[in-house]
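Structural overview
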Amino acid sequence: MSSTKPNVTIIDAASPVPYFRKIKEAFQYYDLLVMLVYRDIRVRYAQTFFGMAWAFINPVVSVLLLYFVFGIVIKVDTNGVPPLLYTMTGICSWNYFSRVVGDAGGSIIGAQSLVKKVYFPRILIPLAKAISAILDLIIVLVILFIMLAAYQMSFRWQMLMIIPFSILTVFSGIAFGIWVASLTIRFRDFSHIVPLVLRIGMFVSPIAYGAALVPVEYRWAFNLNPLTGIIEGFKWAVLGTEFNSASLITSVIVISLVLIAGVWYFLRLDKYIADIV
Amino acid sequence: MTFLFNGMSAVITIEGVSKIYHRGKTRKSDLRRTIASLWSEFGASRETFYALRDIDLKIGMGEVIGIVGPNGAGKSTLLKLLSRITFPTQGRIMIQGTLSSMIEVGTGFHPELTGRENIYLNGAIIGMRRDEINRKLDSIISFSGLESFLDTPVKHYSSGMYVRLAFAVAAHLDSDILLIDEVLAVGDNEFRRKCLDKLKDVAYQGRTILMVSHQMAHLKELCKSGVYLDSGKVVYHGSIDDTINQYINRVNDSTSISVKDRTDRKGNGLVMIRKLEALDEYGNQIVTIHAGHAVNVRLELEAMKEVFNIVIQLEFYDLFGHLWFVCNNNMSGSSIIKMTGLKNVECHIPKFPLNANSYFMNVAIYVQNQLSDEVANALPIEVVPGMFYQTGRLPPPNKGVLIDYSWNEK
């Protein structure tokens, strides 16, 4: 830190965790966040042979898989929307979310050589994962728009609502990414639990089918999935399907609570991180 | 808030600080344990140890202080607490001004990124702002001397180039307090010289430096005061020369006593090793040996009665148990025909031929071709880089012995 005025740092074993100061400090390390994001993006596309192509291949494979199961085999009702387009619209936020949550889990353990040797707000590590994955979200949206053009869908003003829904998607990634990162440090079992939950999540999120198909008595549990409201919102914005504002509100509340609790838990764990990774 | 200390203000005040680590399984790192400990208090019992115990220390503004002590003494833990990498279990630390640490070389580097990108990444990691790096970029680049490799991914760098780049970035930190943990253990002598000079500059600017090193020469050159840590406690705090002397005496005491008191020895005991120490060319006891410097290994032997034809063999092993070389007085033709009572013997090694690493020495005494006394691991030997060759350059550590040679154009 290069501050200009002399300041006093007090490290007291007996003092409580200074949550607000730690949050403020994370903002002060903005330049480091930028570099970590830059590194994540650069390295990901520099290292593999196909590079950038993977950001296309992953969501396309997921879409084709879900389209095969729900669109061809089960033939679910998609309100007259072509099933492939329907699934593609549904996958946008899920693809981002699963990538961030999948990456964030091991992120701190992966950076342990750094975490053990230099101090910086560790919350930046999962945060950088969530921010660098925005590139994937943009790529998926590009695929979606290419498909919209191919299906000759005309532009609707509601499509602009993709922007706030995307922002909400990013917040869901940050919120759950921070949780998964801290839980994985503390309980290594989470490196097995997370992929399992993500696999389940791909089928219990309304990606290739509509939330309306879920029986009413299970609907409340279904809506607790923070992505339900977002995915339904995407489909409303792009395809003009029916929109359930209750599930969106539930999503916003769940994401906010998870984010606040996640930051709180992470900062509480922060002082032990170097000792336990 | 100011802290007064000897008339000058203390920039670091450490009060009653302890750091406890849990040995073995660390803090509830698996789910099963946590669940188990929910209904069993016994599940939580773990072995604990103090990495630091009740440390009180005040460090004044502009002080350049060297921290010495054996491995595991708590030196690195102390720096980690100050840099907030880890948190004390007890006590309180007050730090006035900004503090940053020069971390182990290349820790923040990513091999896929270029030299230039790594300057920005590493700079940000150690706490520099982007505009600060922009401003210092030219100076960092010229210090590293790697102008023509800046756009090469650092995975293609040699280890020496890695060190240069990392140190160049770290040397441009301008925090009030700088923590240095063994940063100068690597690199060639020429560059190390440059780094030391840079650190001297930093010290002249009136900034506070805390430095951990096993290389006493560097500490003597840079520091004015010193702290000697052992088993998590401050054993001595004073001038750097006194601190180093205290440390060396303590180490020598413990090794020389241990040779005499060692019970795991072999042989018929006609002649026993009483004392064993390594001396530099001026006869000072040393705990580390510089590669290529003169070393005298002095032994004090005691014969129970008059004995004849005594052969002494020193064997130098690395920590994997590979033998590197042997010094045997019979082979070199300096026979000891006869002795009674106490006798001092010295083996002179004009240019110590091992590179920086940890080694140990076994000693064996033969009397008339019968093993009389043998002590394995009688003396631990820490070799640090030195001027074996006039250039000061050395091959990478742990790669063979060093020999004298010359090259000629024919």
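Because the structure is a prediction, the values reported are computed rather than measured.

1. With respect to the overall build of chain B
When helices and strands are counted, chain B shows 8 helices and 17 strands. Burial statistics for chain B: of 410 residues in total, 52% are counted as buried. Considering only intrachain contacts with a sequence separation of at least 6, the fraction spanning at least 24 residues in chain B is 71%.

2. So, the nonpolar core
Trp94 and Ile108 of chain A together with Ile119 of chain B are the most contacted members of the largest nonpolar core, which has 143 residues in total. Setting aside residues no more than four positions away along its own chain, isoleucine 108 of chain A makes contact with Val115, Arg122, Ile125, Pro126, Ala181, Ile185, Phe266, Ile273 and Val277 of chain A. With 39 residues, the next largest nonpolar core counts Leu276, Ile349, Ile365 and Ile381 of chain B among its residues.

3. Remarks on unusual backbone geometry
Residue and element names in this part refer to chain A. Residues other than glycine seldom take positive phi values, yet lysine 75 does so here, at roughly 55 degrees. Along the chain, lysine 75 falls in the loop between α3 (53-73) and α4 (83-110). Under the relative-accessibility criterion, lysine 75 is labelled exposed at 61%.

4. Here we look at the side chain of threonine 208 of chain B
All names here are of chain B. Of note, threonine 208 is situated in strand β8 (residues 208-212). Separated by 3.0 Å, the side chain of threonine 208 and the backbone nitrogen of glycine 62 make a polar contact. Residue contacts for threonine 208: discarding those within four places in its chain leaves Val11, Ile59, Gly60, Met61, Gly62, Glu63, Asp176, Ile177 and Leu178.

5. Some details on the pairing of strand β17 (residues 370-384) of chain B
Residues and elements named next belong to chain B. By the bridge criterion, 3 bridges tie strand β12 (residues 288-290) to β17 in an arrangement that is parallel. Note that in β17 the partner of isoleucine 289 across the bridge is valine 383. Two strands pair when backbone bridges link them, and strand β16 (residues 357-367) and β17 are joined in this way by 10 bridges, in the antiparallel orientation. Looking at the pairing, phenylalanine 360 lines up with proline 380 of β17. The turn joining β16 and β17, which pair antiparallel and follow one another in sequence, is formed by 2 residues; a positive phi near 50 degrees is taken by glutamine 368.

6. As for the interface of chain A and chain B
Each partner contributes to the interface: chain A provides 41 residues, whereas chain B provides 48 residues. Interface area, chain A with chain B, both sides summed: about 4,400 Å², of which 59% is carbon and sulfur. Our enumeration of links across chain A and chain B arrives at 5 salt bridges. Linking arginine 84 of chain B and glutamate 25 of chain A is a salt bridge whose minimum nitrogen-to-oxygen distance equals 3.1 Å. The tally of links from chain A across to chain B stands at 14 residue pairs in polar contact (both at pLDDT 80 or more). Elements represented by at least two residues in the side of chain A that touches chain B include exactly β1 (8-12), α1 (19-28), α2 (30-47), α5 (112-115) and α13 (273-276) of chain A. Broken down by element, the residue count for the side of chain A that touches chain B peaks at 10 residues, all from α2 of chain A.

7. What about the domain arrangement of chain B?
Residues and elements named next belong to chain B. Splitting chain B by domain gives domain 1 (3-27 + 39-252) and domain 2 (259-384). In this complex, domain 1 contributes 7 residues to the contact, which on the side of domain 2 involves 6 residues. Summing both partners gives a buried area of about 570 Å² for domain 1 against domain 2, and 63% of it is carried by carbon and sulfur. Scanning the region where domain 1 abuts domain 2 turns up 0 salt bridges. Our count for the domain 1 to domain 2 interface comes out at 0 residue pairs in polar contact (both at pLDDT 80 or more). Among the elements that make up the side of domain 1 that touches domain 2, the one with the highest residue count is helix α8 (residues 240-261) (4 residues). Taken together, the residues of the side of domain 1 that touches domain 2 break down into 4 nonpolar, 3 polar and no charged.

8. Observations concerning a nonpolar patch on the surface
Together, Phe155, Trp157, Leu160, Met161, Ile163, Ile167 and Phe171 of chain A make up a nonpolar patch on the protein surface, roughly 760 Å² of accessible area in all. Tracing the backbone through its elements, the reader meets isoleucine 163 of chain A in helix α8 (residues 162-186).

9. Considerations on the packing of aromatic side chains
Where two aromatic rings form a pair, the distance of their centres and the angle of their planes describe that pair. On inspection of all chains with the given rule, the structure shows 20 aromatic pairs over all chains. With centroids separated by 6.4 Å and ring planes inclined at 90 degrees, the aromatic side chains of tryptophan 324 of chain B and tyrosine 359 of chain B adopt a geometry described as edge-to-face. Taken together, the residues span a long stretch of sequence, with tryptophan 324 of chain B in strand β14 (residues 323-328) and tyrosine 359 of chain B in strand β16 at a distance of 35 residues. On the basis of relative accessibility, which here comes to 23%, the residue tryptophan 324 of chain B falls in the partly exposed class. Ring pairing ties together the aromatic residues Phe70, Phe203, Tyr209 and Phe222 of chain A, which thus form one cluster. The ring centre of tyrosine 120 of chain B lies 4.7 Å from the NZ or CZ of arginine 130 of chain B, which sits over that ring.

What counts and what doesn't
Residues numbered from 1 in each chain as written. Chains lettered and ligands numbered in written order. Predicted model: local features only at pLDDT ≥ 70, side-chain atom pairs only at ≥ 80, totals over all residues. Heavy atoms only, no water. Helix = DSSP H or I, 4+ residues; strand = E, 2+ residues; numbered from the N terminus. Buried < 20%, exposed > 50% of the residue type's maximum accessible area, 1.4 Å probe, protein only. Contact = heavy atoms within 4.5 Å. Core = buried A, V, L, I, M, F, W, Y, C linked by side-chain atoms within 4.5 Å. Polar contact = N/O pair within 3.5 Å; in protein donor to acceptor, adjacent residues only side chain to side chain. Pairing = 2+ DSSP bridges. Buried area = accessible area lost by both parts, 1.4 Å probe. Salt bridge = Lys/Arg side-chain N within 4 Å of Asp/Glu carboxyl O. Domains from an automatic or database assignment. Nonpolar A, V, L, I, M, F, W, Y, C, P; charged D, E, K, R; others polar. Patch = residues over 30% accessible without salt bridge, like charges linked within 9 Å, V, L, I, M, F, W, Y side chains within 5 Å. Areas by Shrake-Rupley, 256 points an atom, 1.4 Å probe, with all protein chains shown as cover. Phe/Tyr/Trp six-rings, centres within 6.5 Å; stacked < 30°, edge-to-face > 60°. Lys NZ or Arg CZ within 6 Å of the ring centre and 35° of its normal.

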